[in-house]
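A structural walkthrough
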Amino acid sequence: MPTFRSACPYDCPEGCSLLVETDGTQVTAITGDPANPLTQGWVCGKMRRLPEAIYSPNRILTPLRRTGPKGAGVFEAISWETAVEEIAARWKALIARYGAETILPYSYAGTMGAVQRNCGEGFFHALGASRLVRTLCSSGKSAGWESVMGSSCDLSPWDVAHSDLILLWSANLSATRAHLVPVVRQAKERGARVILLDVYENPSASLTRERILLQPGSDGALALSMLQVLEQEGLTDQAYLSSHVSGWEELRAGLNRWTPEATQAITGLEPERVRELARAYGKAQAPCIVLGSGFSRYGNGGEATRAIAALPAAVGAWAKRDGGTYGVCSSPNLVDKSLVKLPHLAGDTQQVNINQLGPALAGEGVTTPIHSLYVYHSNPAAVTSDQNAILRGLAREELFTVVHERYLTDTARYADLILPAPYMVEECDLYTPYGYRQIQYVEPVAAPPGEVKSNWEVFSLLARAMGLEQPHFSRTPQALCREMVEGSTVLTPAEKAKVLAGEPVVLDTPFPLPIETADGKIHLSDPAPITWYPPHGGPEPFRLVCAPAIHTLNSSFNESATLGRLRGTMAVRMNEGDAARLGLGQGDRVRCSNELGEMTCTLALDRAVAPGTVVAEGVYPGKNTVNALTHARLSDLGEATTMNDNTVQITRA
Ligand SMILES: Nc1nc2c(c(=O)[nH]1)N[C@H]1C(S)=C(S)[C@@H](COP(=O)(O)OP(=O)(O)OC[C@H]3O[C@@H](n4cnc5c(=O)[nH]c(N)nc54)[C@H](O)[C@@H]3O)O[C@H]1N2
Ligand SMILES: Nc1nc2c(c(=O)[nH]1)N[C@H]1C(S)=C(S)[C@@H](COP(=O)(O)OP(=O)(O)OC[C@H]3O[C@@H](n4cnc5c(=O)[nH]c(N)nc54)[C@H](O)[C@@H]3O)O[C@H]1N2
Ligand SMILES: [Mo]
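Residues numbered from 1 in each chain as written. Chains lettered and ligands numbered in written order. Predicted model: local features only at pLDDT ≥ 70, side-chain atom pairs only at ≥ 80, totals over all residues. Heavy atoms only, no water.

This part covers the overall build of the protein. Per the secondary structure count, the protein includes 22 helices and 27 strands. Oriented by its inertia axes, the alpha-carbon framework of the protein measures out at about 70 × 60 × 50 Å. Counting the 653 residues in the protein, one finds 62% classified as buried. A separation threshold of at least 6 residues defines the contact pool for the protein, and within that pool the share at least 24 residues apart is 76%. Entry remark: accessible area of the protein is about 23,200 Å², with carbon and sulfur atoms responsible for 51%. (Helix = DSSP H or I, 4+ residues; strand = E, 2+ residues; numbered from the N terminus. Buried < 20%, exposed > 50% of the residue type's maximum accessible area, 1.4 Å probe, protein only. Contact = heavy atoms within 4.5 Å. Areas by Shrake-Rupley, 256 points an atom, 1.4 Å probe, with all protein chains shown as cover.)

If you want it as structure tokens, here you go:
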């Protein structure tokens, strides 16, 4: 059986390197590539089952035109030529009447490849369309980190094996960082203490008996209390603070507001528990915070990230080998993606935040109304907040909606035209995952079935049809990948050659970690000392938190019947005490509701949850799913989603 190298294209920190086996035509098996020190021959169950999705009878294989009412999912097959002609004709008429800003591109992270993910940006800039602000994931965390650490990276995943105190802070390793599970086990065998800090016992709680379940959106207050204890008990590293940190004195001066007693009402944690945690952190040889993103998807998520980022600075963890944080690093500087994004072509057109699609389609926050929506590698009807507002917008009869997809998603159902999209084994791209410093170039290993075309191919066709003259749109993805690799200012010539030969190249984090701020210092009071303020919240009695599911990835893999069965039915998890108070039991049907909408699902009581909190794992297909309950409000820093920051009423269904 021929075997080819490939890489996982999904929006996951792991960026697994893959070995793809084919029978000469079709993909028959996918495993992990031992050449990548993280992947080491093992990949998750989602990836192992990808062939089922690739060859599913439900896959869209030709362009489709709507023949029934919007949302009904009734389509007829048309040719590419007709589809492209229709799009160009509709867009030219709309541009003549309203200007190109009336077209809104909508994309996020169906593929993470440098070319296929970003190429639409160049096209829509050249067209003069509205600009989408892509902050659907962890931009609050990135903005908070940047205000303290600049563009510094953090530890590599394998470094965590040598830490003696690992805080699994808002991170569900079993779902989103599966390759860290054996690393944490190794650390435990060496004697490390592992503590989970979350709003519920997520599946990685199996790694440790020590769980601290805090109130949603209170992490910043907890971190400030830890800093207060570290300071009061003389556990800060004065030498590190004076040589590597600025703004400590201003922050220190206000810490007495944040004693564990003062934050107890916010975090829900016993003061002694917080003191013990801070002492363990301050006394560890190489404390490591494995930092997920869930805690940052709140109205105060940027500030909370600043507070957590202050902890390793206060104890000088970055000066201790394998101390610091893991989970924030991405590889933005390995290659320059502006070659594909073409930022120089961006005009001063109106911006629409990705989280506010519903309001934008209703005419809120835009000066030019949106009359056409082009969705590619995203599924907003399922993943984006305020689902009911989005569905109302997508149902607008005159809105000309084009969706480039692989199967009939909740968004594609509302399209006027659907264009057939590929899986990664059918396209060329360059991957730089955000969980460590890795880069891999991938060639297609199987022919695209039917009339499937990649994002790049479609934008090249549309550029020609719209009369865009730039020679850029006639290039090949291979040439773009090669130019990005060759232009890298980080990779050595030998590494570049290896990348272009299709091998994964992995770079270690240097020790000590270079602090990449303008003055080389960590900033704790710039523009103001770190603080905590309440998240958005709401009037209903329960806080609703969204969390990743193991067997799906956002709405991706919903197309796999096997993975759907493994995931089970839509549920919310609740604390047993809260359930007893409401007279509810395991497996009961419950109705979750707030002013935006409702969701009916099963109640799960099998894992502990912070009091007054319900957790919804995964993104399910259909209407009245969890994002019918999430607001389109933004975070304090980074204009990010606040999808974990909502409240709901729970009643028996
Ligand atoms: N299997 C699987 N893998 C995935 C994904 C998936 O959906 N499924 N999603 C992918 C994507 S797009 C991303 S961005 C990453 C995400 O990877 P992670 O960062 O690990 O996951 P998050 O969803 O950000 O959050 C993880 C945890 O945050 C917790 N949490 C929520 N609110 C709070 C809070 O206020 N405080 C604390 N301490 N914890 C809180 C949740 O309960 C959850 O256990 O994973 C990627 N990988
Ligand atoms: N309730 C809730 N909401 C969430 C989350 C959650 O955990 N819970 N997670 C949030 C997070 S962290 C994120 S990052 C977002 C993710 O939101 P999205 O980026 O929209 O991610 P997916 O749901 O994976 O949908 C991606 C779609 O792209 C399609 N696709 C894949 N590859 C290609 C391609 O090459 N070309 C084209 N045209 N299409 C392709 C897939 O078939 C899939 O339907 O969702 C967010 N929303
Ligand atoms: Mo994400």
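If you check the domain split of the protein, you get domain 1 (64–137 + 338–503), domain 2 (154–327 + 514–523) and domain 3 (542–652). If you average the C-alpha positions of domain 2 and of domain 3, the two centres end up 26 Å apart. Counting from both sides, the interface comprises 22 residues of domain 2 and, opposite them, 24 residues of domain 3. Summed over the three residues of domain 2 that lose the most area to domain 3, namely Tyr200, Arg297 and Tyr298, the buried surface amounts to 34% of that side. At the boundary of domain 2 and domain 3, one finds 0 salt bridges. For the pair domain 2 and domain 3, the number of links is 12 residue pairs in polar contact (both at pLDDT 80 or more). (Domains from an automatic or database assignment. Buried area = accessible area lost by both parts, 1.4 Å probe. Salt bridge = Lys/Arg side-chain N within 4 Å of Asp/Glu carboxyl O. Polar contact = N/O pair within 3.5 Å; in protein donor to acceptor, adjacent residues only side chain to side chain.)

Buried residues of helix H7 (residues 180–189): Leu180, Val181, Val183, Val184 and Ala187, and no others. The arc that holds every buried residue of H7, seen down its axis, measures 160°, which confines them to one face. In this structure, the buried side of H7 is in contact with strand E8 (165–169), helix H6 (173–176), strand E9 (193–198), strand E12 (287–291) and strand E13 (324–326). (Arc of directions from axis to C-beta.)

This part is about the sheet that holds strand E10 (residues 210–213). The strand order E10-E9-E8-E12-E13 describes an open sheet built from 5 strands, whose pairing is parallel. The strands lining the two open edges of the sheet, one partner per strand, are E10 and E13. Between one strand and the next, the sheet's axes are offset by a mean angle of 20°, whatever the strand orientation. Most of the contacts of H7 go to E8, to which it runs at about 150°, and overall it touches E8, E9, E12 and E13. (Pairing = 2+ DSSP bridges. Axes fitted to C-alpha atoms, helices over the stretch in contact; angles between N-to-C directions.)

Surrounding ligand 1, one finds 35 residues, the nearest of these being Thr176, Asp198, Asp219, Ser293 and Thr552. A distance of 3.0 Å is found between a nitrogen atom of ligand 1 and a backbone nitrogen or oxygen belonging to Ala175. Contact between ligand 1 and Leu197: a nitrogen atom at 3.2 Å from a main-chain N or O atom of the residue. Here ligand 1 loses 97% of its free accessible area of 910 Å² to cover by the protein chains. Of all elements in the fold, only H6 and E9 reach the threshold of two or more residues within the shell around ligand 1. (Near = heavy atom within 4 Å.)

Below, the discussion takes up the pattern of salt bridges. A complete count under the given rule lists 31 salt bridges for this structure. Of the charged contacts, one joins Arg581 and Asp578 as a salt bridge, the two residues approaching to 2.9 Å between their closest N and O atoms. With Arg581 and Asp578 both in helix H22 (residues 576–582), this residue pair falls 3 residues apart, about one helical turn. By relative accessible area, Asp578 is classed as buried at 7%. Connected through shared salt-bridge partners, Glu233, Glu261, Glu272, Arg275 and Arg279 make up one network.

The next thing to look at is the site of ligand 2. In the neighbourhood of ligand 2, 31 residues make up the surrounding shell, with Ser378, Glu405, Asn455, Ser555 and Ser556 lying closest. Take His404: an N or O atom from its main chain is 2.9 Å from a nitrogen atom of ligand 2. Asn455 is positioned with one of its side-chain polar atoms (N or O) 2.8 Å from a nitrogen atom of ligand 2. Calculation on ligand 2 without its partners gives an accessible area of 930 Å², and the protein chains cover 97% of this total. Looking at the shell around ligand 2 residue by residue, the classes come out as 14 nonpolar, 12 polar and 5 charged. Viewed by domain, the shell around ligand 2 spans two of them, domain 1 (64–137 + 338–503) and domain 3 (542–652), each represented by three or more residues. (Nonpolar A, V, L, I, M, F, W, Y, C, P; charged D, E, K, R; others polar.)

Further remarks concern the packing of aromatic side chains. The description of an aromatic ring pair uses the distance of the two centres, along with the angle that the planes make with each other. Summed over the entire model, instances satisfying the criterion amount to 15 aromatic pairs. Between Phe123 and Phe459, the aromatic rings sit 5.2 Å apart at their centres with planes inclined by 35°, giving tilted as the arrangement. Placement of Phe123 in helix H4 (residues 114–127) and of Phe459 in helix H18 (residues 455–465) is noted, with a sequence separation of 336 residues between them. The exposure class assigned to Phe123 is buried, which follows from its relative accessible area of 0%. Among the aromatic residues, ring-to-ring pairing joins Trp91, Phe123, Phe124, Tyr374, Tyr376, Phe459 and Phe473 into one connected group. Directly above the aromatic system of Tyr423 lies the positively charged group of Arg406, at a separation of 3.7 Å from the ring centroid. Taking NZ or CZ as reference, Arg567 lies 3.7 Å from the ring centre of Tyr620, over its face. (Phe/Tyr/Trp six-rings, centres within 6.5 Å; stacked < 30°, edge-to-face > 60°. Lys NZ or Arg CZ within 6 Å of the ring centre and 35° of its normal.)

With that settled, the discussion passes to unusual backbone geometry. Residue Pro512 follows Phe511 across a cis peptide bond; omega there is -5°. Tracing the backbone through its elements, the reader meets Pro512 in the loop between strand E20 (505–507) and strand E21 (522–523). One non-glycine residue, Phe557, lies in the positive phi region at around 80°. By secondary structure assignment, the location of Phe557 is in the loop between strand E22 (542–547) and helix H21 (561–567). Its identity is not glycine, yet Asn624 carries a phi of approximately 55°, on the positive side. Structurally, Asn624 can be placed in the loop between strand E26 (613–617) and strand E27 (646–652). Overall, the relative accessible area of 35% leaves Asn624 in the partly exposed class.

What follows covers empty space enclosed by the protein. Where empty space is left can be seen by rolling a probe of water-molecule size over the atoms. The final tally for this structure, using the stated rule, is 2 cavities of 30 Å³ or more. Within this model, the largest cavity holds a volume of roughly 70 Å³. Across the lining of the largest cavity, the residue classes break down as 7 nonpolar, 2 polar and no charged. Lining the second largest cavity are Met570, Ala571, Met599, Ala616, Glu617, Gly618, Tyr620, Thr625 and Val626. A per-class count over the lining of the second largest cavity returns 6 nonpolar, 2 polar and 1 charged. (1 Å grid on protein atoms, 1.4 Å probe; cavity = no way out; pocket = protein on both sides within 12 Å on 5 of 7 lines; lining within 4 Å. Points joined across faces, edges and corners; volume = space filled by probe spheres on them.)

Turning to the side chain of Ser293, a few remarks are in order. Within the secondary structure, Ser293 is located in the loop between E12 and helix H13 (301–315). Not counting chain neighbours up to four residues away, the residues in contact with Ser293 comprise Ser138, Lys141 and Ser170.

The antiparallel open sheet is built from 3 strands, whose spatial order is E1-E2-E3. A strand with exactly one partner marks an edge of an open sheet, and here the two such strands are strand E1 (3–7) and strand E3 (27–32). Along the sheet, successive strands turn relative to each other by an average axial angle of 30°, direction set aside. Pairing analysis gives 5 bridges linking E1 to strand E2 (residues 17–22), with the strands arranged antiparallel. Bridged to Thr3 within E2 is Glu21.

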